[in-house]
Amino acid sequence: LTAGFHAFGHLFAPYARGLVPALLPEVEAEVWLCGLSGMTAEEMVGGLDAPSLIDCVRRRGAGLRRALAERGPFDAALLMAGTNDLADESDASCIV
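The shown structure was predicted, so the numbers you read here are calculated from the model rather than taken from an experiment.

K.L.:
Quick question: what am I supposed to make of the overall build of the protein chain here?
P.N.:
Secondary structure summary: the protein chain contains 5 helices and 4 strands in total. For the protein chain, the N- to C-terminal ordering of α and β elements is β-β-α-α-β-β-α-α-α. For the protein chain, buried positions account for 22% of its 96 residues. For the protein chain, the exposed surface amounts to about 7000 Å²; the carbon and sulfur share of it is 55%.

K.L.:
Would you take a moment to explain the environment of Ala50 for this structure?
P.N.:
For Ala50, the position within the fold is in the loop between helix H2 (41-46) and strand E3 (53-54). What makes Ala50 buried here is its relative accessible area of 17%.

K.L.:
Help me understand unusual backbone geometry in this model?
P.N.:
Among all residues except glycine, the phi angle is most often negative; among peptide bonds, the trans geometry is most common. Omega for the peptide link from Leu24 to Pro25 comes to 0°, which places this bond in the cis form. Assignment of secondary structure puts Pro25 in the loop between helix H1 (15-23) and H2. In this structure, Pro73 follows Gly72 across a cis peptide bond, with omega equal to 10°. Within the secondary structure, Pro73 sits in the loop between helix H3 (64-71) and helix H4 (83-87). Phi is positive for Arg58, which is not a glycine, with a value near 70°. Relative to the assigned elements, Arg58 resides in the loop between E3 and strand E4 (60-61). A relative accessible area of 68% places Arg58 in the exposed class.

K.L.:
How should I be thinking about a nonpolar patch on the surface in this particular structure?
P.N.:
Taken together, the side chains of Tyr15, Leu78 and Met80 present a nonpolar region at the surface, about 310 Å² in accessible area. The residue Tyr15 is located in helix H1 in this model.

K.L.:
Explain the pattern of salt bridges here, please?
P.N.:
When charged atoms on two side chains of opposite charge get close, those side chains can pair. Taken as a whole and assessed by the stated rule, the structure comprises 2 salt bridges. The residue Asp49 makes a salt bridge to Arg65 at a minimum N-O spacing of 2.8 Å. Within this pair, whereas Asp49 is found in the loop between H2 and E3, its partner Arg65 is found in helix H3, the two being separated by 16 residues in sequence. Linking Glu70 and Arg66 is a salt bridge whose minimum nitrogen-to-oxygen distance equals 3.0 Å. Placement of the pair is Glu70 and Arg66 together in helix H3, with a separation of 4 residues, close to one helical turn. On the basis of relative accessible area, Glu70 is assigned to the exposed category, the value being 54%. A relative accessible area of 30% places Arg66 in the partly exposed class.

K.L.:
Any chance you could explain the environment of Pro51 here in plain terms?
P.N.:
Checked against the element boundaries, Pro51 lands in the loop between H2 and E3. Through-space distance from the C-alpha of Pro51 to that of Ala62 is 4.8 Å; in sequence the pair is 11 residues apart. Apart from the residues within four sequence positions on either side, Pro51 is in contact with Gly61, Ala62 and Arg66.

Conventions and cut-offs
Residues numbered from 1 in each chain as written. Predicted model: local features only at pLDDT ≥ 70, side-chain atom pairs only at ≥ 80, totals over all residues. Heavy atoms only, no water. Helix = DSSP H or I, 4+ residues; strand = E, 2+ residues; numbered from the N terminus. Buried < 20%, exposed > 50% of the residue type's maximum accessible area, 1.4 Å probe, protein only. Areas by Shrake-Rupley, 256 points an atom, 1.4 Å probe, with all protein chains shown as cover. Patch = residues over 30% accessible without salt bridge, like charges linked within 9 Å, V, L, I, M, F, W, Y side chains within 5 Å. Salt bridge = Lys/Arg side-chain N within 4 Å of Asp/Glu carboxyl O. Contact = heavy atoms within 4.5 Å.

Written out as structure tokens, the structure reads:
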């Protein structure tokens, strides 16, 4: 899940923190937060296999494909991307 930094990186409210209680009691889940903030979809794709990426608030994390391979297996992965692309006024057709 995305890290959840907002207010230009000054506040942190990870979506993972609210997801588990929202799913209960119907779905019991273990959630692992591995998001990086401020990255565009193109940047995420370019860093899929990177051992280490640095986001806009100086957090480090592996590229998505690498993280899934090293930390998995997972039953499901929830990806949240595209917001930063829209903020950068990228063409929506390039995001989807």
